[in-house]
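Coordinate inspection notes
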Amino acid sequence: MSAPRINIVGSINLDLVASAEKLPAPGETVTGASYAQYPGGKGANQALAARRLGAEVAMVGRVGRDANAEAALALLKADGVDLSGVVEDEEEPTGVALIGVDKAGENQIIVASGANGVLSASDVARAGAADAVLCQLEVPVPAVMEAAKIETPLFAINLAPAMPVPAGLLERADLLIVNEVEAEFYDDALHRGEGLVALTLGRQGSVLYRSGKEVARMPVYAVPVIDTTGAGDTFCGALVVGLAEGMEEGAALRFASAAAALAVTKEGAQPAIPTRKDVEAFLSDKA
Ligand code: RIB
């Protein structure tokens, strides 16, 4: 079977990561952290996950005209993601995420959107037809609404971070992906369309619904947790690759759970994203 073609419309950030014993409470200063920077952004992470898991991927997004842009795009470029749809903005800087990670691998993230915040509908309108289109909400809603017009049999939105969107956009989606916080925010509106809804439940695993009815469920794989940043993005990229390849729903959820499990075992969002070979080896060990 040939590799599915997937368009990702979304954010591209440089992640500035401080890893410490614990995360600060409001008003508290925590010292003694180690520091690293990695390419990130929900859109770029999902693009890289889809690519490493076997898809032909085209990224649609915006970066600034600055040194951070090159660093933010480095791994997408190295892995062969098509970056011809990434616009260099003349005024806004490349998006930056300030990330704290504690010793249990949990994180806190503050995003300064920069150029992601001015991704326009006309940037998106240039994207061609694809086997799947995957968006998130770190770019303006009009850009996501334009993505909904791209010719594709699988239009997917990871509703992260949760924010108000037109009801018609949720109903148009063939796949919505949410965590528990996002599921609470959208509530019943998630299940008004005819598409699939994937709910990730952290250590409780993940569930797939259609029209409010459960169609598949996966417990979480037990792995050593180093850093959970980007694991949700890896799940999204993997689930879309699986469904676009025609995997049965339960098999696609298992594939996505395995990819996400591997992603928490290393530091950083993008450096931790596994390859197809890694995921298949992991799954054959569990069979
Ligand atoms: O989902 C993780 C991502 O959220 C990070 O890479 C960060 O850039 C933020 O966008």
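Every value quoted in this text rests on a predicted model; they were computed, and no experiment measured them. (Residues numbered from 1 in each chain as written. Predicted model: local features only at pLDDT ≥ 70, side-chain atom pairs only at ≥ 80, totals over all residues. Heavy atoms only, no water.)

The next subject is the pattern of salt bridges. In the structure shown here, the tally under the stated rule is 16 salt bridges. Between Arg-52 and Asp-79 there is a salt bridge, with its nearest N and O atoms 3.3 Å apart. Placement of Arg-52 in helix α1 (residues 42–52) and of Asp-79 in the loop between α2 (67–78) and β5 (82–89) is noted, with a sequence separation of 27 residues between them. Linking Asp-123 and Arg-126 is a salt bridge whose minimum nitrogen-to-oxygen distance equals 3.2 Å. Asp-123 sits in the buried class, given a relative accessible area of 5%. Through salt bridges with shared partners, one network takes in Arg-62, Asp-89, Asp-123 and Arg-126. (Salt bridge = Lys/Arg side-chain N within 4 Å of Asp/Glu carboxyl O. Helix = DSSP H or I, 4+ residues; strand = E, 2+ residues; numbered from the N terminus. Buried < 20%, exposed > 50% of the residue type's maximum accessible area, 1.4 Å probe, protein only.)

To continue, consider the sheet that holds β5. The strand order β5-β4-β1-β8-β9-β10-β11-β12-β13 describes an open sheet built from nine strands, whose pairing is mixed. Each of the sheet's edge strands pairs with one partner strand only, and the pair in question is β5 and β13 (213–218). Averaged over all pairs of adjacent strands, the angle between strand axes in this sheet comes to 15 degrees, irrespective of strand direction. Pairing analysis gives five bridges linking strand β10 (residues 175–179) to strand β11 (residues 196–200), with the strands arranged parallel. Bridging across to β11, Val-178 finds its partner in Leu-199. Against the sheet, helix α8 (residues 249–263) makes contact with β11, β12 (206–210) and β13, and its axis sits at roughly 40 degrees relative to β13, the strand it touches most. (Pairing = 2+ DSSP bridges. Axes fitted to C-alpha atoms, helices over the stretch in contact; angles between N-to-C directions. Contact = heavy atoms within 4.5 Å.)

This part is about empty space enclosed by the protein. Per the counting criterion, the structure on display carries one cavity of 30 Å³ or more. For the largest cavity, the calculated volume is near 50 Å³. Leu-170, Ala-173, Leu-175, Leu-176, Leu-190, Arg-192, Gly-193, Glu-194, Gly-195, Leu-196 and Val-197 are the residues that line the largest cavity. Secondary structure elements with two or more residues in the lining of the largest cavity: β10 and β11. Partitioning the lining of the largest cavity into residue classes produces seven nonpolar, two polar and two charged. (1 Å grid on protein atoms, 1.4 Å probe; cavity = no way out; pocket = protein on both sides within 12 Å on 5 of 7 lines; lining within 4 Å. Points joined across faces, edges and corners; volume = space filled by probe spheres on them. Nonpolar A, V, L, I, M, F, W, Y, C, P; charged D, E, K, R; others polar.)

It is worth spelling out the nonpolar core at this point. Soluble globular proteins tend to bury their nonpolar side chains together. Formed by 52 residues in total, the largest nonpolar core has its most connected members in Leu-175 and Leu-239. The greatest single-element share of this core, amounting to nine residues, is contributed by α8. Among residues more than four places away in sequence, those in contact with Leu-175 are Leu-154, Phe-155, Ala-156, Ile-157, Leu-196, Ala-198, Leu-239, Val-240 and Leu-243. (Core = buried A, V, L, I, M, F, W, Y, C linked by side-chain atoms within 4.5 Å.)

For the rest of this paragraph, the subject is the packing of aromatic side chains. Taken as a whole and judged by the stated rule, the model has two aromatic pairs. Arranged with centres 5.1 Å apart and planes meeting at 80 degrees, the rings of Tyr-221 and Phe-282 form a pair that is edge-to-face. You can see Tyr-221 sitting in the loop between β13 and α7 (231–244) and its partner Phe-282 sitting in helix α9 (residues 276–286), a full 61 residues away along the chain. Comparing Tyr-221 with Phe-282 shows no difference in burial state: the two are buried. (Phe/Tyr/Trp six-rings, centres within 6.5 Å; stacked < 30°, edge-to-face > 60°.)

Let us look at the side chain of Asn-13. Among the structural elements, Asn-13 can be located in strand β2 (residues 13–19). With relative accessibility at 2%, the residue Asn-13 sits in the buried group. Among the polar contacts made by the side chain of Asn-13, one reaches the side chain of Asn-116 at a distance of 2.9 Å. Ignoring anything within four residues of it in the chain, the contact list for Asn-13 reads Tyr-38, Pro-39, Gly-40, Gly-41, Ala-72, Gly-95, Val-96, Ala-97, Val-111, Asn-116 and Glu-138. (Polar contact = N/O pair within 3.5 Å; in protein donor to acceptor, adjacent residues only side chain to side chain.)

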